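A closer look at the structure
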Amino acid sequence: FASNKAHGLGLEPVEIGEAMAPLGLMLGVVSLSFSALEKCVGLKFLFRGGMLLFGSLIFSIPIVLPALKALSRSLLWAGLVTLGLLRPCAGMLSMSAMNIMYNNVLSAHFGLYNGIASSVTSCGRCLSPVTVGSLFAVGVSSAGSASFPLGIYLPFTAAAALAVVAVTI
């Protein structure tokens, strides 16, 4: 989304906000519909489906969005809106299902284990931007010399690979 025309999509700040609007909408929709979805397909399906969707969306970002931008601005916006609608679904479905499955296996010390899980989650949320940002910075600085899956693709490929690993566990 970066407004950097050399390494981003060249969007202006207001356009970045507009591209993020569908994300906010879908966070509410998925939250309200999670219980009904869980009753229809089950927690394991929601977790695995959400992680696979997340991995495939993240993997496709550096490939599909620049290609759509090269074709036309309308196609770029269609891709951004589609991403904004699907990405929060993937995250909310998989993370909510994982939290419920985790709590279902606990028989005692709920507070202790949920505190540990929250701490691990917080550490991940702290370290992820540093790690992924560093990978992206290295990729951008070597964009001319590194091809797929390295260069600017590396953080996206790594995130998609982690999603695939999560599904297989």
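Quick look at the structure, then. (Residues numbered from 1 in each chain as written. Predicted model: local features only at pLDDT ≥ 70, side-chain atom pairs only at ≥ 80, totals over all residues. Heavy atoms only, no water.)

Considering the overall build of the protein chain
What counts, and what does not: Numbering of helices and strands runs from the N terminus, with a helix taken as a DSSP run of H or I at least four residues long and a strand as a DSSP run of E at least two residues long. When accessible area is computed with a 1.4 Å probe and restricted to protein chains, residues below 20% of their type maximum are described as buried, those above 50% as exposed, and intermediate ones as partly exposed. In this analysis, two residues are considered to be in contact whenever any of their non-hydrogen atoms come within 4.5 Å of each other. Shrake-Rupley sampling with a 1.4 Å probe provides the accessible areas, and residues are treated as covered by the protein chains on show and by no other component. Working convention for charge: Lys and Arg count positive, Asp and Glu count negative, and His plus the chain ends are omitted. For the purpose of locating charges, the reference atoms are NZ of Lys, CZ of Arg, CG of Asp and CD of Glu.
Each helix and strand counted, the protein chain has five helices and zero strands in total. Listed N to C, the secondary structure of the protein chain is α-α-α-α-α in terms of helices and strands. When the backbone C-alpha atoms are referred to their principal axes, the protein chain occupies close to 55 × 30 × 25 Å. In the protein chain, buried positions account for 26% of the 169 residues. Long-range contacts, defined as pairs at least 24 residues apart, comprise 64% of the intrachain contacts of the protein chain with a sequence gap of at least 6. Surface summary for the protein chain: the accessible area is close to 10,100 Å², and the carbon and sulfur share equals 73%. Averaging the positions of the 8 positive and the 4 negative side-chain charges in the protein chain gives two centres separated by 12 Å.

Thoughts on the pattern of salt bridges
What counts is decided by this rule: Each salt bridge in this description consists of a side-chain nitrogen of Lys or Arg and a carboxyl oxygen of Asp or Glu lying within 4 Å of one another.
All told, the structure shown has one salt bridge when counted by the stated rule. For the salt bridge of R73 with E15, the shortest nitrogen-to-oxygen distance reads 2.1 Å. Of this pair, R73 sits in helix α3 (residues 73-105) while E15 is found in helix α1 (residues 13-41), placing the two residues 58 residues apart along the sequence. Classification of E15 by relative accessible area gives buried; the value is 15%.

Focus: the nonpolar core
Counted only if it meets this: Buried Ala, Val, Leu, Ile, Met, Phe, Trp, Tyr and Cys residues that are joined via side-chain atoms within 4.5 Å together make up what is termed a nonpolar core.
By size, the foremost hydrophobic cluster in this structure holds 13 residues, and its most contacted members are V30, F34, L46, F47, M51, L93 and A97. Among the secondary structure elements, those contributing two or more residues to this core are α1, α2 (43-71), α3 and α5 (154-168). Here this core takes four residues from α2, the largest share from any one element. Among all residues touching F34, those that are not within four sequence positions of it are L43, L46, L93, S96, A97 and I100. Judged by nonpolar contacts, the second largest core, of 12 residues, contains L9, A19, L65 and L76.

Brief notes about a nonpolar patch on the surface
Condition: Nonpolar side chains (Val, Leu, Ile, Met, Phe, Trp, Tyr) are joined into patches within 5 Å and like charges within 9 Å, using only residues with over 30% relative accessible area and no salt bridge.
A cluster of nonpolar side chains, namely L25, V29, V81, L85 and L86, defines an oily patch on the protein surface of about 360 Å² accessible area. Of all the secondary structure elements, the ones that give two or more residues to the nonpolar patch are α1 and α3.

Comments concerning α1
Rule in force here: Helix span is expected to be 1.5 Å times the residue number reduced by one. What the bend at a residue measures is the angle between two axes, fitted to the seven residues ending there and to the seven starting there.
The terminal C-alpha atoms of α1 lie 39 Å apart, and with 29 residues this matches the ideal 42 Å at 1.5 Å per residue to within 8%. Where α1 bends most, the angle comes to about 50°, and this point is F34. Of all the positions in α1, only E15, A19, P22, L23, M26, V30 and F34 are classed as buried. In this structure, the buried side of α1 is in contact with α2 and α3.

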